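A look at the structure
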Amino acid sequence: MMLKSYARRLGHFTDAQKRAYYEYGEKYLIPYSETLIDFKKEFNNSKNVTMEIGFGSGFATIEIAKTNQDKNYLGIEVHKPGIGRVIQEINNHSLSNIRIIEYDAVHVALKMIKQGSLEAIHIFFPDPWPKKRHRKRRLIQRPFTETLANCLKQEGYIYIVTDWEDYALHAMEELTATKTLNNAFEGFSPAQSWRPKTRFEEKGIAKQHIIRELMFIKS
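Residues numbered from 1 in each chain as written. Predicted model: local features only at pLDDT ≥ 70, side-chain atom pairs only at ≥ 80, totals over all residues. Heavy atoms only, no water.

**Description of the overall build of the chain**
Let me state the cut-off plainly: Helix and strand assignments follow DSSP, with helices taken as H or I runs no shorter than four residues and strands as E runs no shorter than two, numbered in order from the N terminus. What the globule rule says is 2.2 Å times the number of residues to the power 0.38, and the radius of gyration is computed from C-alpha atoms. Burial classification: accessible surface area is computed with a 1.4 Å probe over protein chains only, and a residue below 20% of its type maximum counts as buried, one above 50% as exposed, and the rest as partly exposed. Should any heavy atoms of two residues lie within 4.5 Å, those residues are counted as being in contact. Residue burial considers only the protein chains on display, and all accessible areas are found by Shrake-Rupley using a 1.4 Å probe. Working convention for charge: Lys and Arg count positive, Asp and Glu count negative, and His plus the chain ends are omitted. Charged groups are reduced to one reference atom each: NZ for lysine, CZ for arginine, CG for aspartic acid, CD for glutamic acid.
When helices and strands are counted, the chain shows eight helices and seven strands. Radius of gyration (C-alpha) of the chain: 16 Å, near the 17 Å computed for a compact globule of 219 residues. Overall, the C-alpha framework of the chain stretches about 45 × 40 × 40 Å when taken along its three principal axes. The buried share of the chain, taken over its 219 residues, is 51%. Partitioning the intrachain contacts of the chain with sequence separation of at least 6 by distance along the chain shows that 83% fall at a separation of at least 24. Put simply, the chain shows about 11,500 Å² of open surface, and 49% of that area lies on carbon and sulfur atoms. Computed over 33 positive and 26 negative side-chain charges, the inter-centroid distance for the chain is 4 Å.

**Things to note about the side chain of Thr162**
The line we're drawing: Polar contact is defined as a pair of N or O atoms within 3.5 Å, subject to the rule that within protein one atom must be able to donate a hydrogen and the other to accept it, and that residues adjacent in sequence are counted only when both atoms are side-chain atoms.
Secondary-structure assignment places Thr162 in strand S5 (residues 152-162). Relative accessible area serves as the criterion here: at 2%, Thr162 is assigned to the buried category. Here the side chain of Thr162 touches Trp164 through a polar contact of 3.1 Å, landing on its backbone nitrogen. The residues touching Thr162, leaving out its near neighbours within four places in the chain, are Phe125, Tyr167, Ala168, Ile210, Ile211 and Arg212.

**Here's the deal with the pairing of S5**
For clarity, the threshold we go by: DSSP bridges decide pairing: two strands pair if at least two such bridges lie between them. A crossover gets the label right-handed when its path from the first strand over the helix to the second runs clockwise, viewed with the strands pointing away from the viewer.
The buried count for S5 comes to eight of 11 residues, which makes it a mostly enclosed element. Here strand S4 (residues 118-124) runs beside S5; their pairing, made up of six bridges, is parallel. Each bridged residue has a counterpart across the sheet, and for His122 the counterpart in S5 is Tyr159. Viewed along the sheet, the connection from S4 through helix H6 (residues 144-151) into S5 turns out right-handed.

**A few points about the packing of aromatic side chains**
Formally: Any Phe, Tyr or Trp ring, taking Trp's six-membered ring, that has another such ring centre within 6.5 Å forms a pair; planes under 30 degrees apart are called stacked, those over 60 apart edge-to-face, and the others tilted. The rule is short: NZ of Lys or CZ of Arg within 6 Å of the ring centre and within 35 degrees of the ring normal puts a charge over the ring.
Counted under the stated rule, the structure contains six aromatic pairs. A centroid spacing of 6.0 Å and a plane angle of 85° characterise the contact between Phe13 and Tyr21, whose relative ring orientation is edge-to-face. As far as burial versus exposure is concerned, Phe13 and Tyr21 are alike and both buried. Here the basic side chain of Arg85 rests over the ring of Phe59, its NZ or CZ set 3.7 Å away from the ring centre.

**Here we look at helix H8 (residues 199-206)**
Near the N-terminus of H8, the side chain that reaches the backbone nitrogen of Phe200, with its oxygen 3.4 Å away, is that of Thr198. Count one or two residues on from H8 and you reach Gln208, which has phi positive near 65°.

**Concerning the sheet that holds S4**
Note the threshold: A fitted line through C-alpha atoms serves as each axis, taken over the contacting stretch for helices, and the angle formed by two N-to-C directions is quoted from 0 to 180°.
An order of S3-S2-S1-S4-S5-S7-S6 is seen for the seven strands of this open sheet, with the pairing classed as mixed. Every interior strand has two partners, whereas the edge strands, strand S3 (98-102) and strand S6 (181-183), have only one. Between one strand axis and the next, the sheet turns through 20° on average, direction left out of account. Here six bridges tie S5 to strand S7 (residues 212-218), and the two strands are oriented antiparallel to one another. If you follow Ile160 over to S7, its bridge partner there is Leu214.

**Quick notes on helix H4 (residues 80-92)**
Selection criterion: Each residue after the first adds 1.5 Å to the expected span of a helix.
A rise of 1.5 Å per residue sets the reference length of H4, with its 13 residues, at 18 Å; its end C-alpha atoms lie 18 Å apart and thus fit the reference within 8%. Lining the buried residues of H4 we find helix H1 (15-28), helix H3 (59-67), strand S2 (72-77) and S3. After H4 finishes, the residue Ser94 shows a positive phi value of roughly 50°.

Below is the structure:
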């Protein structure tokens with residue numbers, strides 16, 4: 001059974017999100033297919049591309065894209081409320097540097113992303129699967145970390161943030177064991193000032209969880 005990058009979450013699909021999704025989705029959504037994406041054709045430019053897996057409500061996604069319009073962003077998400085909200089914000093701010101794929105990230109990485117084509121991969125607060133019997137479902141583990149590394153250009157990076165200590169330690173082991181990746185720091189990464197806080201982060205801080213960040217470079 002192939003690893004899935006998500007767990008089903010319930011969420012209210014507001015009228016505004018529905019309107020954005022159905023009115024503007026065709027402009028910003030890339031349909032899933034087992035065909036490699038031509039980023040130059042999709043974005044109509046040759047700017048570097050960052051892929052974000054599981055952007056949730058998309059607050060960080062939008063802020064990063066707004067402040068880095070010299071780069072392109074590909075968001076992977078399966079939950080329509082978050083997708084609708086991001087499309088709404090893309091349209092409100094007239095952003096041309098974001099595209100979305102509404103599908104499982106494991107399949108997208110394997111089938112749609114050309115090897116050596118991404119500048120970066122962001123994974124902010126992935127589902128921690130805290131129960132021991134569910135750990136095999138965690139996204140950050142081999143061989144998927146190897147798949148992600150293959151998607152990166154040389155010197156491209158994977159940047160992961162979590163508020164679950166056990167997941168952070170597990171991710172550190174799996175990324176360290178991925179042959180083409182090297183830790184950019186000794187141990188966990190310092191907080192990156194350009195990364196906006198997410199709602200998941202705020203919930204973690206409210207529970208007095210420590211936020212841990214990992215950054216690995218392909219080299």
